[in-house]
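For reference, the chains in residue letters:
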Amino acid sequence: MVSNSVLGHGKPATAKIALLGRDIANTKSPAVHKAIADSVGIDVAFDVFDVPYDRLGEGVEMLLSGYDGFLVANPYKSEINRYIQGAGLSVNVVRCADKTAYSTDGIGFISALDKNFDDWRNRVNAVLVLCTGGAAYSVVEALTALGKKAYVLGRSMVNAVRLASKFDGAQLYSNQPAEMIVNCTPLGTCGEDALAAFCILPAFEYAFDLVYTDTLTSFLRRCRNNGSATANGADMMIYREIEGCKIILENNLDSDEVYERAVAILREHGVLGGEQ
């Protein structure tokens with residue numbers, strides 16, 4: 001386990017939050033939480049726990065007993081339901097006081113769409129979702145809750161059927177027309193093209209990549225070249241972390257106001273940059 005930076009510049013912490021994941025050395029979560037805490041004047045200690053799979057249970061128990069809450073990163077968003085009673089298929093926030101699990105990926109995703117794409121709610125009827133992992137569940141759930149059709153495409157037919165059958169308004173993708181495409185795969189972090197992996201050539205009005213990198217991912221570059229309006233996962237990351245803080249701290253922060261302040265801090269310190 002690796003402990004990372006602390007928020008609050010040495011001031012007494014009023015809350016302890018951690019990030020649980022594997023191979024997350026390059027996470028921007030500590031910087032994002034520092035910006036959120038600084039933007040509202042809250043003292044929060046933030047640690048990173050990079051835990052191997054065979055020590056996941058030990059890591060969860062340590063966090064439950066020593067922290068106010070923790071965030072869950074891949075690949076443990078589904079695995080966490082083995083340790084937290086009532087946890088769903090995709091969890092990214094756990095409040096330790098009552099051992100309650102939540103997902104803020106969906107609200108973060110929709111907030112990011114609203115921030116980046118004017119009038120998308122009126123223009124988009126159907127969305128093609130690439131991947132069938134935990135993040136894809138949150139995305140499909142959020143879209144279908146708004147009355148949008150979600151078409152699921154994954155490399156495992158079994159997993160795609162399982163996801164598509166979970167929500168009313170979701171179906172397997174078979175070349176149906178859609179106005180938006182969303183990449184929920186981790187492809188793109190190292191330059192891979194999600195579209196090449198799925199062997200499709202899209203022409204969508206909007207394209208969104210959950211991955212956040214300082215430059216356009218190959219997926220977004222290809223979509224932009226085909227005329228799509230594009231956005232990456234930076235805003236989703238910030239909004240979902242704000243919602244996570246609200247849950248853990250039981251503080252009804254104004255998400256949009258905190259977002260604006262946090263983004264200004266992140267840009268000032270060079271954490272956010274490149275193409276959005």
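That block above? That's the structure.
Not measured: the values here are computed from a predicted model. Each chain has its residues counted from 1, running along the sequence as written. The predicted nature of this model means local features are confined to residues of pLDDT at least 70 and side-chain atom pairs, given and counted, to a pLDDT of 80 or more, with totals for whole chains, interfaces and linings taken over all residues. In computing side-chain values, all of the structure's heavy atoms are included and hydrogens and water are not.

**Q** Quick question: what am I supposed to make of the overall build of the protein here?
**A** The way it works is that DSSP assigns letters per residue, a run of H or I at least four long becomes a helix, a run of E at least two long becomes a strand, and they are numbered from the N terminus. When its secondary structure is counted, the protein shows ten helices and eleven strands. Expressed as lengths along the three principal axes of its C-alpha atoms, the size of the protein is roughly 55 × 40 × 35 Å. Burial classes: relative accessible area under 20% of the type maximum marks a residue as buried, over 50% as exposed, and values in between as partly exposed (1.4 Å probe, protein chains only). Looking at the protein as a whole, 55% of its 276 residues are labelled buried. A separation threshold of at least 6 residues defines the contact pool for the protein, and within that pool the share at least 24 residues apart is 68%. Here, Shrake-Rupley sampling with a 1.4 Å probe gives the accessible areas, and only protein chains in the shown set may cover a residue. For the protein, the computed accessible surface area is about 12200 Å², with 47% contributed by carbon and sulfur atoms. Between the centroid of the 25 positive side chains of the protein and the centroid of its 33 negative side chains there is a distance of 3 Å. Throughout, a residue-residue contact means that at least one pair of heavy atoms, one from each residue, lies within 4.5 Å. Residues scored as positive are Lys and Arg, those scored as negative are Asp and Glu, and His as well as the terminal groups of each chain are ignored. The atom standing in for a charge is NZ when the residue is Lys, CZ when it is Arg, CG when it is Asp and CD when it is Glu.

**Q** Can you walk me through unusual backbone geometry in this structure?
**A** A negative phi angle characterises most non-glycine residues, just as the trans form characterises most peptide bonds. Cis geometry marks the peptide bond from Asn74 to Pro75; its omega dihedral reads 10°. Of note in this structure, Asp23 is not a glycine but carries a positive phi near 55°. Within the secondary structure layout, Asp23 lies in the loop between strand S1 (15–21) and helix H1 (29–40). Positive phi is not limited to glycine here, since Asn175 has a value of about 70°. For Asn175, the position within the fold is in the loop between strand S8 (170–172) and strand S9 (180–183).

**Q** Honestly, the sheet that holds strand S5 (residues 100–102) in this entry has me stumped. Any pointers?
**A** Sheet strands associate in pairs through backbone hydrogen bonding, adopting either a parallel or an antiparallel arrangement. A strand pair is defined by DSSP finding two or more bridges across the two strands. Taken together, the five strands give an open sheet; going across it, the order is S2-S1-S3-S4-S5, and neighbouring strands pair in mixed fashion. The sheet is open, and its two edges are formed by strand S2 (44–50) and S5, each paired on a single side. The sheet shows a mean angle of 20° between the axes of neighbouring strands, direction not considered. Bridging between strand S3 (residues 69–72) and strand S4 (residues 93–95) involves three bridges; their strand directions are antiparallel. Bridging across to S4, Phe70 finds its partner in Val94. Simply put, an axis is a line fit to the C-alpha atoms, just over the touching stretch for a helix, and the angle between two N-to-C directions goes from 0 to 180 degrees. Relative to S2, H1 is tilted by about 170°, and along the sheet it contacts S1, S2 and S3. Along the sheet, helix H2 (residues 56–66) contacts S1, S2, S3 and S4; its crossing angle with S1, the most-contacted strand, is approximately 170°.

**Q** Looking at this structure, I do not really get the packing of helix H3 (residues 105–116) against helix H5 (residues 134–145). What am I missing?
**A** Describing two packed helices takes the angle between their axes plus the distance from one axis to the other. Where H3 meets H5, the axes come as close as 8 Å, and the angle between the chain directions of the two elements is 60°. Put simply, H3 runs oblique to H5. In this structure, H3 crosses over H5, and the sense of that crossing is right-handed. Across the interface between the two elements, Asp105, Gly106, Phe109 and Ile110 of H3 pack against Ala135, Ser138, Val139, Ala142 and Leu143 of H5. Any residue outside Ala, Val, Leu, Ile, Met, Phe, Trp, Tyr, Cys, Pro, Asp, Glu, Lys and Arg is labelled polar, Gly included; the first ten of those are nonpolar and the last four are charged. Of the residues contributing to the contact of H3 with H5, the split by class is six nonpolar, two polar and one charged. Our angle categories are set so that under 35 degrees counts as roughly parallel, over 145 as roughly antiparallel, 65 to 115 as roughly perpendicular, and the remainder as oblique. By definition, turning the near helix anticlockwise from the far helix through less than a right angle yields a left-handed crossing, and turning it clockwise yields a right-handed one.

**Q** Any chance you could explain the packing of aromatic side chains here in plain terms?
**A** To describe a pair of aromatic rings, one takes the distance between the centres and the angle between the planes. The aromatic pairing rule takes the rings of Phe, Tyr and Trp, using the six-membered ring of Trp, and pairs them if the centres are within 6.5 Å, calling planes under 30 degrees apart stacked, those over 60 edge-to-face and the rest tilted. Per the stated rule, a full pass over the model turns up six aromatic pairs. Plain terms: the ring middles of Phe49 and Tyr67 are 5.6 Å apart, the flat faces sit at 90° to each other, and that makes the pair edge-to-face. Here Tyr67 lies in the loop between H2 and S3 and Phe49 lies in strand S2, a separation of 18 residues in the sequence. Using a relative accessible area of 12% as the deciding quantity, one classes Tyr67 as buried. Measuring from centroid to centroid gives 6.4 Å for Tyr53 and Tyr76, while their planes differ by 35°, and the two rings are tilted. Linking Tyr53 in the loop between S2 and H2 with Tyr76 in the loop between S3 and S4, this pair joins segments that are 23 residues apart in sequence.

**Q** Could you clarify how one ought to interpret the state of the cysteines in this entry?
**A** Here a disulfide denotes a covalent bond joining the sulfur atom of one cysteine to the sulfur atom of another. Here, two cysteine sulfur atoms that lie within 2.5 Å of each other are counted as a disulfide. Per the counting criterion, the structure on display carries zero disulfides. No disulfide involves Cys96; its sulfur sits 13 Å from that of Cys245, the nearest cysteine. What makes Cys96 buried here is its relative accessible area of 6%. Cysteine Cys131 shares no disulfide, and the gap to the nearest cysteine sulfur, in Cys184, comes to 6.5 Å. Judged by its relative accessible area of 18%, Cys131 falls in the buried class.

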